[in-house]
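# Survey of secondary and tertiary structure
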Amino acid sequence: MPSHFFIVLLTLCMTFSATIAQAVSKLPETIKVDPSALTAEPMCDPKISPAWREAQEIEGVKIAASPGCSPDNPAWIAAAVKGTNNISMDTLMKTGLSPDAIIKTDDLDGDGDPDRIIIKLEIMELNGRSPDFPGIIPTFDIAPGIQPGAWVFAPKTSGMSTENFESVRANPLLRLPSPVIRVEVGDIVQIVLENTHYFPHSIHLHGVDHPFSHGEHGGQDGVPQTSEVELMPGERRVYQFQARQSGTMFYHCHVQTHTHLSMGLAGMIVVEENKPNNWLQTLNIGGGHVRHPSVAVREQFDQEYDLHYHAMDKELTEIIQKHNDPRLIAREMNQRYDITDSTEDYFTLNGLSFPYTLRESLIIVEPDQKVKLRLLNSGGELIAVHTHGHHATITHYDGVEHNPMAQIMRDVFDMAPAQRLDLKLETVNDGKHSYGEGDWLIHDHREKGITTNGMAEGGSMSSIVYKSYLGEHGMPKVSHFGIDLSEYFTKEFYERRYPIWQDLDEWASLGSPAGQMGFDAGTQTSLLNALYGLLIGFFLYLIFAKRESIKQCAMAMVSRLKSPKGSNQ
């Protein structure tokens, strides 16, 4: 090949490379996302009445004030304390519970409270694929726009699985986590599991003093390999116990536990000390603030909170969003899903991730209080819960009281899977128990625990917030520090479409670069021009290289045109 070819080609390549280098070296413009274009949500759920926050009395049940953004329906609390069989029809209709959801009868020991307790639970699916339209139903968001598929134990309800005929949003009783159950030492308790799901299930009473067998169906430890056959769809089973020891315990499905537990079939169960006139809040829907604590708790503490930490694998939760044929779901979960290759993507506190944890799971305190915290880790990995601004005392491990002389104070609490801790949080400002009033973060100190599908801030973050730092609507007062939480209440944030530091200065120095892959429109134009130049140069080279042939062809054409025959033609 002629040497001038290489010279021309080298010149063209150098020109093209120089053009690319110039294009790449030119910084793209900063694009600032307009906050008004985001799908912003109100920080507090507008469907929840502010009147629910107030202290009140319903059916003779005294319900403590709960000043947080989204408190529990007070009618739920009255029904959970008295039993659905002992309240008026008006109160029952406000709950959505079935009339036989919580049955309380027979004061067997004569101490002024019922001792026969029947709790009916169903198994419900959240965010599963609809057979009727493209989408999922009923929907339950753990954070803005985040809807993992889930299964839950739910109290028996009397209505639809959705709010109403016009909504796909889940009935408020159907939610993560499975409800906290509270009973008393000596109570004869029957948990009636009605399998309303399409898979077999069971209940294992983890840590609860219960007999291995029960007359109605033999074994009742919940384990298909040792104590009982699986409970099939449409069947019911009674799990009966009379606990002799108090403590914070755990209940969960023990069928295909590696998937069923992670999907949400797990909850806290608390056995309280036996005290006179001890009417308990038998169900705490969604956990969090216990607005009618037991007699024993009220004797020692000013408040009580249930804190259920959980984690879910996105890949697992998506299975029920791809199929609604139980055979396909069973194949994917039981034969193809490999938990040893799994990763936890969603980290929740009481069924929600930040910022929704601020709605329901704030620990709201005042100075010089003693607060009881009950913690459960139902995730698959160890967590490390850190309390900013406070050291709390570990009083119980797995429902067993720690030697009072050996109880220790910490500000990081390691919890293995299935482990429970009882903590005593004291808000006396002495530099040890508390550093003073404020809005103090409480979070998992594994850094992935404060993410939602890898996006921070998210996960199981919440706060220990003093009332002096609480706004009138139940959210922490952070605006006077120049903090704006509204960006977290947008689905675009968790879709990774919002540059989180764009508003730290006026000129958005850390905003989003325009274009794709760091190239703006000017860069793309320069690259196209360079490509056109390369093509034109290559065309000119062909002309140069074939100039003799082109010259001969042109001369021949001219000769033919000048000849008489050519003229006639």
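What this report covers is the structure whose coordinates are included nearby. (Residues numbered from 1 in each chain as written. Predicted model: local features only at pLDDT ≥ 70, side-chain atom pairs only at ≥ 80, totals over all residues. Heavy atoms only, no water.)

Moving on, we come to the overall build of the protein chain. Within the protein chain one finds 13 helices and 31 strands. Taken over the C-alpha trace, the protein chain has a radius of gyration of 33 Å; the compact-globule value for 569 residues is 25 Å, which it surpasses by more than 25%. When each of the 569 residues of the protein chain is scored for burial, the buried share is 51%. Within the protein chain, contacts between residues separated by at least 24 positions form 71% of all contacts whose residues are at least 6 apart in sequence. Carbon and sulfur atoms provide 56% of the accessible area of the protein chain, an area that totals close to 26,600 Å². Across the protein chain, the 47 positively charged side chains and the 72 negatively charged ones have centroids separated by 10 Å. (Helix = DSSP H or I, 4+ residues; strand = E, 2+ residues; numbered from the N terminus. Rg over C-alpha atoms; globule rule 2.2 N^0.38 Å. Buried < 20%, exposed > 50% of the residue type's maximum accessible area, 1.4 Å probe, protein only. Contact = heavy atoms within 4.5 Å. Areas by Shrake-Rupley, 256 points an atom, 1.4 Å probe, with all protein chains shown as cover. Lys, Arg positive; Asp, Glu negative; His and termini not counted. Charge placed at Lys NZ, Arg CZ, Asp CG, Glu CD.)

With that settled, the discussion passes to the sheet that holds strand β16 (residues 266-272). The 5 strands are arranged β11-β15-β16-β9-β17 in an open sheet whose pairing can be described as mixed. Every other strand in the sheet has two partners, leaving β11 (204-206) and β17 (283-284) as the edge strands with one partner each. Summarising the sheet, β11 and strand β15 (residues 247-252) pair through 3 bridges and their orientation is antiparallel. Residue pairing across strands places H206 opposite F250, the latter belonging to β15. (Pairing = 2+ DSSP bridges.)

The sheet built from 5 strands is open, its strands ordered β21-β30-β29-β23-β27 with mixed pairing. Strands at the two margins of the open sheet, each flanked by one partner only, are β21 (363-365) and β27 (412-415). Ignoring which end each strand starts from, the neighbouring axes of this sheet average 15 degrees apart. By the bridge criterion, 4 bridges tie strand β29 (residues 439-444) to strand β30 (residues 462-466) in an arrangement that is antiparallel. Each residue of the ladder has a partner; that of I442, found in β30, is S462. (Axes fitted to C-alpha atoms, helices over the stretch in contact; angles between N-to-C directions.)

The next point concerns the pattern of salt bridges. Per the counting criterion, the structure on display carries 31 salt bridges. Here D100 and K120 are joined by a salt bridge, their closest N and O atoms 2.8 Å apart. Placement of D100 in the loop between α3 (89-95) and β4 (102-105) and of K120 in strand β5 (residues 116-126) is noted, with a sequence separation of 20 residues between them. It is possible to trace a salt-bridge network through shared partners that takes in R182, E272, E304, D306, K372, R374 and D422. (Salt bridge = Lys/Arg side-chain N within 4 Å of Asp/Glu carboxyl O.)

Formed by 57 residues in total, the largest nonpolar core has its most connected members in I363 and L373. The element best represented in this core is strand β19 (residues 303-312), accounting for 4 residues. Filtering out sequence-adjacent residues up to four positions away, L373 remains in contact with Y305, L307, I363, L421, D422, L423 and L425. Grouped together as the second largest cluster of nonpolar side chains are 46 residues, I87, I203, V208 and Y251 included. (Core = buried A, V, L, I, M, F, W, Y, C linked by side-chain atoms within 4.5 Å.)

Attention now goes to the state of the cysteines. Considering all chains together, one arrives at 1 disulfide under this definition. In this model C44 forms its disulfide with C69; the gap between the sulfur atoms is 1.8 Å. With a gap of 25 residues between them, C44 in the loop between β1 (30-31) and β2 (56-58) and C69 in the loop between β3 (61-63) and α2 (74-82) connect regions that are remote in the sequence. C69 carries the same exposure label as C44, and that label is buried. (Disulfide = S-S within 2.5 Å.)

With respect to the helices and strands, L121 occurs in strand β5. Sequence separation of L121 and P276 is 155 residues, and the distance between their C-alpha atoms is 27 Å. The contacts of L121, once residues within four sequence positions are left out, are F153, A154, P155, I181, I191, V192, L193, E194, I203 and Y251.

Time to look at the side chain of S353. With respect to the helices, strands and loops of the structure, S353 is situated in the loop between β20 (346-349) and α9 (357-360). We classify S353 as buried; its relative accessible area is 0%. At 2.8 Å, the side chain of S353 forms a polar contact with the backbone oxygen of F347. (Polar contact = N/O pair within 3.5 Å; in protein donor to acceptor, adjacent residues only side chain to side chain.)

Only one face of β27 is covered, namely the face carrying F413 and M415; the face carrying V412 and D414 is uncovered. Of the strand pairs in this sheet, strand β23 (residues 383-387) and β27 are connected by 4 bridges, and their pairing is antiparallel. Looking at β27, one finds that V385 is bridged to F413.

On to helix α8 (residues 326-336). For α8, the full list of buried residues reads I329, A330, E332 and M333. Buried residues along α8 cover an arc of 165 degrees about the axis, so they all sit on one side. Opposite the packed face of α8, turned more than 90 degrees from it, sit the exposed residues R327, Q335 and R336. Packed against the buried residues of α8 are β8 (150-155), α4 (257-260), α6 (314-317) and α7 (319-322). (Arc of directions from axis to C-beta.)

Attention now goes to the packing of aromatic side chains. Aromatic ring pairs are defined here through the distance separating the ring centres and the angle between the ring planes. If you walk through the whole model with that rule in mind, you get 9 aromatic pairs. Measuring from ring centre to ring centre gives 4.9 Å for Y198 and F199, while their planes differ by 80 degrees; the resulting arrangement is edge-to-face. Assessed through its relative accessible area of 26%, Y198 is described here as partly exposed. For F199, a relative accessible area of 7% corresponds to the buried category. Between Y435 and W440, the ring centres sit 5.9 Å apart and the planes meet at 90 degrees, which makes this aromatic pair edge-to-face. We classify Y435 as partly exposed; its relative accessible area is 42%. Relative accessible area serves as the criterion here: at 22%, W440 is assigned to the partly exposed category. Connected via pairs of aromatic rings, a cluster forms that spans F354, Y488, F493 and Y494. Geometry around W279 places K82 over its ring, the cationic atom sitting 5.2 Å from the centre. (Phe/Tyr/Trp six-rings, centres within 6.5 Å; stacked < 30°, edge-to-face > 60°. Lys NZ or Arg CZ within 6 Å of the ring centre and 35° of its normal.)

Once that is clear, we can look at the environment of I364. You can see I364 is positioned in strand β21. A C-alpha to C-alpha distance of 30 Å links I364 and L38, two positions 326 residues apart in sequence.

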